[in-house]
Amino acid sequence: MRHSQDWWRVVVVIAALVTINLLAHFAGHWFGLLAVPVGAVLAVLLARLRGLGWSEMGISLSELKYGFRWSAIVLVVVVLAVAVGVAIPWTRSFFLNDRYSSARDALLAALVWIPLQTVIPEELLFRGVLQGTLRRVLGRRTTLAVGAGLFGLWHIASSLGLSSGNAGVTDAIGGGVGAAVAGVVGAVVATTAAGWILGWLRFRTANLLAPIVLHWTLNASGALGAALAWHLV
C-alpha cells in the first residue's frame, strides 16, 4: 500500500509540473510571472503535508553546510567558462541574446528575475519535490535519468523562440520552422544534461544549495555575458 501511494505521488507531481508549465507560458502575463514561483511554494507545502521530509527535498538546514564547497567550485568554473566564451570572437556570437542587449536589463534579470522566477522555484520543483518523490520508488540512477528528462521537456515551451531571439544561433542554424525545431531540440538536450548534473549535485551534497548556485550562475552569467558580448560587437 505504501509503495502504491508513493507511485501516485509521482503521478501527481508530474501532473502539477505540466500544469504549472502550461500556465506559465500560455495563460497570460500574470500567470507567466507567478505560476512557477507560486506553484513551487505550493508544491513544497503539499509534499510536506503528504509526508515528504525536508531532507528528502534537500531543504533541511542541518545539511546546508555540505553544499558550500561545491557551490564555490561550480561558481568559479561557470564564470570562467562564460568569460572565455565571450572573449573569443567565434563563440561570442552565441551570447548575443536580444533580451539582454541592455546592461541594465541583464543586471536586473541576473539579480532579481532569474533567481526568483526561475532558479529557486525550478530547483524546489525538480531537485526538491520531484527528485525526493522519485527516490522513494526508484533507484538513484533512474531517479537522475527521469528527473533530467522531465527537466529537459519542461523547457520546450520556453525555447520556442530560441532561434529567432539569438543572433549567433540564427547565424548557425538559420531561420524558419526547421531552425525553430532544431532550437527546441537543442535546448531540450542541453537542459536534460544540465538537469542530470543538477540532480547529481543534489544527491552529492544532500541539499539544494549547490544546484541553486550552479543553476543561477549558468543563467545569470549567460545574461551578463550577453550584455558584455553586445558591448564588444
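Within each chain, residue numbers correspond to sequence positions counted from 1 in written order. Whole-chain, interface and lining totals are the exception, using all residues; otherwise, since this is a predicted model, local features are given only for residues with pLDDT of at least 70 and side-chain atom pairs are given and counted only at 80 or more. The side-chain quantities take in all heavy atoms of the structure and omit both hydrogens and water.

**Some thoughts on helix α5 (residues 103-135)**
At 3.6 residues per turn, the α-helix brings residues three or four places apart onto the same side. Spanning 33 residues, α5 covers only 41 Å between terminal C-alpha atoms, well under the ideal 48 Å at 1.5 Å per step. At Ile114, α5 shows its largest bend, some 60°, and a proline, Pro115, comes one to four positions later. Where α5 begins, the side chain of Ser102 points an oxygen toward the backbone nitrogen of Arg104, at a separation of 3.3 Å. Only runs of H or I of at least four residues qualify as helices and only runs of E of at least two qualify as strands under DSSP, and these elements are numbered from the N terminus. For a helix, the expected span equals 1.5 Å multiplied by the residue count minus one. Two axes are fitted around each residue, one to the seven residues ending there and one to the seven starting there, and the angle between them is reported as the bend at that residue. Two N or O atoms form a polar contact when they lie within 3.5 Å of each other; inside protein one atom must be a possible hydrogen donor and the other a possible acceptor, and for residues adjacent in sequence the pair counts only when both atoms belong to side chains.

**Side note on empty space enclosed by the protein**
Grid spacing is 1 Å over the protein atoms alone, the probe is 1.4 Å, and a cavity is where that probe fits but cannot get out, while a pocket is an open set with protein on both sides within 12 Å along at least five of seven lines and lining residues have an atom within 4 Å of a point. Grid points are joined across faces, edges and corners, and a volume is the space filled by probe spheres set on the points. Going through the model one piece at a time under the given rule, you end up with one cavity of 30 Å³ or more. Considering only enclosed or pocket space, the largest cavity measures out at about 60 Å³ in volume. Lining the largest cavity we find Phe126, Arg127, Gln131, Leu134, Thr143, Leu144, Gly147, Ala148, Gly195 and Gly199. For the lining of the largest cavity, the elements supplying multiple residues, two or more each, are α5, α6 (140-154) and α8 (176-205). For this classification, Asp, Glu, Lys and Arg are treated as charged, while Ala, Val, Leu, Ile, Met, Phe, Trp, Tyr, Cys and Pro are nonpolar and the rest, including Gly, are polar. Of the residues that constitute the lining of the largest cavity, the class distribution is four nonpolar, five polar and one charged.

**Thoughts on unusual backbone geometry**
Backbone geometry places Ala206, a non-glycine residue, at a positive phi of 65°. Secondary-structure assignment places Ala206 in the loop between α8 and α9 (209-232).

**Some words on the layout of surface pockets**
As a volume, the second largest pocket reaches approximately 440 Å³. Looking at the second largest pocket, it is lined by 23 residues, and the ones nearest its centre are Val12, Val13, Ala43, Leu46 and Ala47. By residue class, the composition of the lining of the second largest pocket is 16 nonpolar, four polar and three charged.

**Some points on the environment of Ser60**
Along the polypeptide, Ser60 turns up in the loop between α2 (29-49) and α3 (68-87). Categorising residues by exposure relies on relative accessible area from a 1.4 Å probe, with only protein chains included: less than 20% of the type maximum marks a residue as buried, more than 50% marks it as exposed, and the intermediate range marks it as partly exposed. Residue Ser60 is classed as buried on the basis of its relative accessible area, which comes to 15%. With 147 residues separating them along the chain, Ser60 and Asn207 place their C-alpha atoms 7.0 Å apart. Within the structure, Ser60 has its side chain in polar contact with the side chain of Ser62 (distance 2.9 Å).

**Things to note about the nonpolar core**
The nonpolar core is taken to be a set of buried Ala, Val, Leu, Ile, Met, Phe, Trp, Tyr and Cys residues, with the residues joined through side-chain atoms within 4.5 Å. Counting residues in each nonpolar core, the largest one holds 38 residues, and the members touching the most others are Leu17, Leu125, Phe126, Val129, Leu130 and Trp154. Listed by contribution, the elements that provide at least two residues to this core are α1 (2-26), α2, α3, α5, α6, α8 and α9. Those residues in contact with Phe126 that lie beyond four places of it in its chain are Leu17, Gln131, Gly147, Leu150, Phe151 and Trp154. With eight residues, the next largest nonpolar core counts Tyr100, Ala109, Ile114 and Val119 among its residues. What makes two residues a contact is simply this: any of their non-hydrogen atoms within 4.5 Å.

**Overview of the packing of aromatic side chains**
Think of a pair of aromatic rings as described by two things: how far the centres are apart, and how the planes are tilted against each other in angle. For Phe, Tyr and Trp, where Trp contributes only its six-membered ring, two rings pair if their centres lie within 6.5 Å, and the inter-plane angle classes them as stacked under 30 degrees, edge-to-face over 60, or tilted in between. Under the counting rule described, the total for this entry stands at four aromatic pairs. Taking the centre distance of 5.7 Å and the plane angle of 65° together, the rings of Trp90 and Phe94 count as edge-to-face. Sitting above the plane of the Phe151 ring, Arg127 keeps its charged end 4.2 Å from the centroid. Over a ring means this: the NZ of a Lys or the CZ of an Arg is within 6 Å of the ring centre and within 35 degrees of the ring normal.

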